[in-house]
Amino acid sequence: MEMKEAQRKAKAVVVGGSIAGISCAHALIAAGWDVVVLEKTSSPPNRSATGAGVGLDTVSLKLIEKWIQQPQHLQQLSLPMTIEHEQTTDGNKKITWTLSRDEHFNFRAVHWADLHSLLYSSLQSDVVLWGHLFLSFRISDDKTYVKIQAKVLQTNETVEIVADLLVAADGCLSSIREAFLPDLKLRYSGYCAWRGVLDFSNNENSETIIQLKKAYPDLGNCNYFDIGSDGHAILYELINQRVNWIWYHNQPEPQFKGNSVTTKVSRDMIEDMYEAAENVWIPELVKVMRETKEPFLNAIYDADPLDQFYWDNVVLIGDAAHPISPHAARSTNMSILDAAVLGKCLEKWGVENLTSALEEYQSIRLVVAYEQVLFSRRMGRIKQRLPLPDSNLFDHLTASQEESKVLHLSNMPYFNHIPSILATDCNKKN
């Protein structure tokens with residue numbers, strides 16, 4: 001009996017089947033745990049042209065390559081972003097000029113759905129339970145296990161799973177986090193993001209694409225940040241002849257239906273956006289926006305940094321742990337790093353020392369999240385030309401190259417930092 005108990009694998013239930021949850025499954029399986037991921041959507045996301053692009057830093061790339069079955073596929077599904085190009089647009093004169101450039105950027109651009117598919121397909125098919133809506137959890141009185149309930153949406157059946165650990169990877173609106181921090185509120189940034197991906201694979205010689213590449217000559221290995229009179233825009237290329245664009249637009253907080261920060265929009269809203277874009281951006285960028293199918297609106301929120309990431313047998317990762325604005329390219333990268341650090345801490349301490357494992361995870365990630373959340377918040381306000389308590393508005397029309405270096409992502413605290421617990425994995429080759 002004692003031998004059987006000693007050989008029992010520790011078990012974790014991960015709530016949320018997005019990149020944070022799927023990454024966590026990889027990291028915990030690598031640590032020797034049994035993992036079940038509960039995801040309310042009925043099936044994996046398809047790899048369509050709609051959706052969003054993601055910039056992966058060098059640390060995330062190394063970690064993902066350890067998890068997936070064919071590491072070369074990550075290179076095949078992404079494009080290098082070796083340059084960060086900051087520029088400004090004069091919307092009246094329809095001209096742009098360079099503010100600053102970082103030619104050692106060293107990110108890779110990948111479509112969110114491509115990355116998710118790559119990570120998901122490298123898991124065994126029974127790890128993720130699609131169509132399972134998380135309902136509740138209860139920690140045992142002696143803190144030795146946690147009992148999770150979920151509804152199977154196809155049948156309305158309620159299932160119960162007993163595990164050693166519950167991982168909340170359920171996003172910035174985490175219901176699990178709310179159980180411990182009911183008074184925590186997300187902070188609306190003051191702006192939303194219009195987002196889209198233009199697929200030009202069937203029309204790569206169109207006048208729109210020809211003119212776009214003249215206006216943005218480093219597309220293909222560059223992340224363009226463009227500051228205008230009304231917010232800022234981002235533009236970079238994805239594989240298979242796709243262009244990812246984002247326009248952060250200052251506006252009152254929208255009222256979205258349901259528990260979401262993204263929404264599809266009406267045709268009238270899209271037409272109003274196009275009309276506004278004509279007054280802010282050069283025609284080459286506006287044409288890309290106009291030819292994009294299904295642009296969508298994403299309200300930008302973050303939250304003040306948390307004081308803790310775990311309670312007994314429950315731990316937060318990804319946006320559940322640190323809702324962050326997107327201006328430091330951190331949300332996905334932080335989720336991947338959270339997962340990897342959590343996995344290594346669990347492997348190091350074992351389930352019999354779960355509290356020590358979660359304490360070390362928290363000690364490694366808490367200070368990083370604190371610094372990066374506040375940096376990203378500040379960066380967003382600078383690029384949106386919103387007030388800061390300790391400095392004047394950034395003037396994109398008069399800023400010098402030296403002044404514009406404040407815009408570089410490499411200023412971010414812990415930029416490309418590898419925690420010591422991951423040093424071996426990140427530095428050795430496959």
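Residues numbered from 1 in each chain as written. Predicted model: local features only at pLDDT ≥ 70, side-chain atom pairs only at ≥ 80, totals over all residues. Heavy atoms only, no water.

Enquirer: Mind showing me how you'd approach the sheet that holds strand E4 (residues 78-81) here?
Expert: In spatial order, the strands read E3-E7-E4; together these three strands make up an open sheet with antiparallel pairing. The open sheet has two free edges, formed respectively by strand E3 (53-56) and E4, since each of these has just one partner strand. Averaged over all adjacent pairs, the angle separating strand axes in this sheet is 30 degrees, with direction ignored. As judged from the four bridges shared by E4 and strand E7 (residues 107-111), these two strands associate in the antiparallel manner. When the sheet's bridge partners are listed, Leu 79 is paired in E7 with Ala 109. Strands in contact with helix H5 (residues 112-121) are E3 and E7; relative to E7, the strand with the most contacts, it is inclined by about 90 degrees. Together, E3 and E7 form the strand contacts of helix H10 (residues 331-349), whose direction differs from that of E3 by roughly 55 degrees. (Pairing = 2+ DSSP bridges. Helix = DSSP H or I, 4+ residues; strand = E, 2+ residues; numbered from the N terminus. Axes fitted to C-alpha atoms, helices over the stretch in contact; angles between N-to-C directions. Contact = heavy atoms within 4.5 Å.)

Enquirer: Mind showing me how you'd approach helix H7 (residues 207-215) here?
Expert: Quick reminder: α-helices carry 3.6 residues per turn. Residues three or four places apart thus point the same way. Every buried residue of H7 is accounted for by Thr 208, Ile 209 and Leu 212. Along the axis of H7, the buried residues cluster in a sector spanning 90 degrees; they form a single face. Those residues of H7 that are buried lie in contact with strand E13 (187-199), strand E15 (232-238), strand E16 (242-250) and helix H9 (283-291). (Buried < 20%, exposed > 50% of the residue type's maximum accessible area, 1.4 Å probe, protein only. Arc of directions from axis to C-beta.)

Enquirer: What is the right way to look at the pattern of salt bridges in this model?
Expert: Between side chains of opposite charge, pairing is possible as soon as their charged atoms come close. Applying the stated criterion to the full structure yields 19 salt bridges. With its nearest N and O atoms 3.9 Å apart, the salt bridge here joins Lys 9 to Asp 34. Placement of Lys 9 in the loop between helix H1 (2-7) and strand E1 (11-15) and of Asp 34 in strand E2 (residues 34-39) is noted, with a sequence separation of 25 residues between them. A residue is classified by how much of its surface remains accessible, and Lys 9, at 45% relative accessible area, is partly exposed. Residues participating in the shared-partner salt-bridge network are Arg 187, Asp 302, Asp 304 and Arg 377. (Salt bridge = Lys/Arg side-chain N within 4 Å of Asp/Glu carboxyl O.)

Enquirer: Would you mind showing me how to read the nonpolar core here?
Expert: Considering soluble globular proteins, one finds that nonpolar side chains tend to be buried as a cluster. Membership of the largest hydrophobic core comes to 79 residues, with the highest contact counts inside it found for Leu 28, Trp 33 and Leu 342. For this core, the element with the most residues is H10, which contributes nine residues. (Core = buried A, V, L, I, M, F, W, Y, C linked by side-chain atoms within 4.5 Å.)

Enquirer: Quick question: what am I supposed to make of the environment of Ile 176 here?
Expert: Counting through the fold element by element, Ile 176 comes out in helix H6 (residues 175-180). In sequence terms Ile 176 and Trp 247 are 71 residues apart; their C-alpha atoms lie 31 Å from each other. In contact with Ile 176, not counting residues within four places along its chain, are Val 15, Phe 134, Phe 137, Leu 166, Ala 168, Asp 170 and Val 314.

Enquirer: I keep staring at a nonpolar patch on the surface and nothing clicks. Help me out?
Expert: Where nonpolar side chains cluster on the molecular surface, the patch consists of Leu 133, Leu 135 and Leu 153 and spans about 220 Å² of accessible area. By secondary structure assignment, the location of Leu 153 is in the loop between strand E10 (146-152) and strand E11 (157-163). (Patch = residues over 30% accessible without salt bridge, like charges linked within 9 Å, V, L, I, M, F, W, Y side chains within 5 Å. Areas by Shrake-Rupley, 256 points an atom, 1.4 Å probe, with all protein chains shown as cover.)

Enquirer: Would you mind going over the packing of helix H2 (residues 19-30) against H10 with me for this structure?
Expert: Packed helices, taken two at a time, are described by the angle their axes make and the gap between the axes. Between H2 and H10, whose axes approach to 8 Å, the crossing angle comes to 25 degrees. It follows from the interaxial angle that H2 and H10 lie roughly parallel. At the point where H2 passes H10, the crossing takes the right-handed sense. Seen from H2, the contacting residues are Ile 19, Ala 20, Ser 23, Cys 24, Ala 27, Leu 28 and Ala 30; seen from H10, they are Thr 332, Ser 335, Ile 336, Ala 339, Ala 340, Leu 342, Gly 343, Leu 346 and Glu 347. Looking at the contact of H2 with H10, its residues break down into 11 nonpolar, four polar and one charged. (Parallel < 35°, antiparallel > 145°, perpendicular 65-115°, else oblique. Left-handed = near helix turned anticlockwise from the far one by under 90°. Nonpolar A, V, L, I, M, F, W, Y, C, P; charged D, E, K, R; others polar.)

Enquirer: I keep staring at the packing of aromatic side chains and nothing clicks. Help me out?
Expert: Aromatic rings in a pair are described by how distant their centres are and how their planes are angled relative to each other. Applying the stated criterion across every chain yields a total of 11 aromatic pairs. Summarising the aromatic geometry, the rings of Phe 105 and Phe 107 are spaced 4.4 Å apart at their centres and angled 10 degrees between planes, so their arrangement reads as stacked. Where Phe 180 meets Trp 311, the ring centres are 4.6 Å apart and the plane angle is 5 degrees; that geometry is what we call stacked. In this pair, Phe 180 sits in helix H6 while Trp 311 sits in strand E19 (residues 310-311), placing the two residues 131 residues apart along the sequence. Of the residues examined, Phe 180 reaches a relative accessible area of 23% and is grouped as partly exposed. We classify Trp 311 as buried; its relative accessible area is 13%. Feature note: the residues Phe 134, Phe 137, Phe 180 and Trp 311 constitute an aromatic cluster, connected by ring pairs. Residue placement shows Lys 383 over the ring face of Phe 225; its charged tip is 3.7 Å from the ring centre. (Phe/Tyr/Trp six-rings, centres within 6.5 Å; stacked < 30°, edge-to-face > 60°. Lys NZ or Arg CZ within 6 Å of the ring centre and 35° of its normal.)

Enquirer: Help me out: how do you make sense of the side chain of Asn 244 in this one?
Expert: Note that Asn 244 resides in strand E16. Classification of Asn 244 as buried rests on a relative accessible area of 1%. Polar contacts involving the side chain of Asn 244 include one to the main-chain amide nitrogen of Gly 53, which spans 2.8 Å. Ignoring sequence-local partners within four residues, the contact set of Asn 244 consists of Ala 52, Gly 53, Gly 196, Val 197, Ile 234, Leu 235, Tyr 236 and Leu 238. (Polar contact = N/O pair within 3.5 Å; in protein donor to acceptor, adjacent residues only side chain to side chain.)

Enquirer: In this structure, what is going on with the sheet that holds E16? I would like to understand it.
Expert: Pairing between the strands of a sheet comes from backbone hydrogen bonds, and it takes one of two forms, parallel or antiparallel. Overall, mixed pairing links the eight strands, which are arranged E6-E5-E14-E15-E16-E13-E18-E17 in an open sheet. Across the chains shown, the open sheet's two edge strands, defined by having one partner strand only, are strand E6 (95-102) and strand E17 (262-264). The mean inter-strand angle of the sheet, taken between neighbouring strand axes irrespective of direction, is 20 degrees. Bridge count between strand E14 (residues 222-227) and E15: four bridges; the pairing is antiparallel. Counted as the bridge partner of Phe 225 is Ile 234 from E15. Together, strand E5 (83-90), E13, E14, E15 and strand E18 (296-302) form the strand contacts of helix H11 (residues 354-383), whose direction differs from that of E13 by roughly 75 degrees.

Enquirer: Help me understand the environment of Tyr 216, please; the structure alone is not making it clear to me.
Expert: Structurally, the position occupied by Tyr 216 is in the loop between H7 and E14. Relative accessible area serves as the criterion here: at 1%, Tyr 216 is assigned to the buried category. Remark: the alpha-carbon pair of Tyr 216 and Val 280, spanning 64 residues in sequence, is separated by 16 Å.

Enquirer: What exactly am I supposed to notice about H11 here?
Expert: Look at H11: 42 Å from first C-alpha to last across 30 residues, which is about the 44 Å you get at 1.5 Å a residue. The sharpest bend along H11 comes to roughly 30 degrees, located at Arg 365. At the C-terminal side of H11, Arg 385 shows a positive phi close to 55 degrees. (Expected span 1.5 Å × (residues − 1). Bend = angle between axes of the 7 residues up to and from the residue.)

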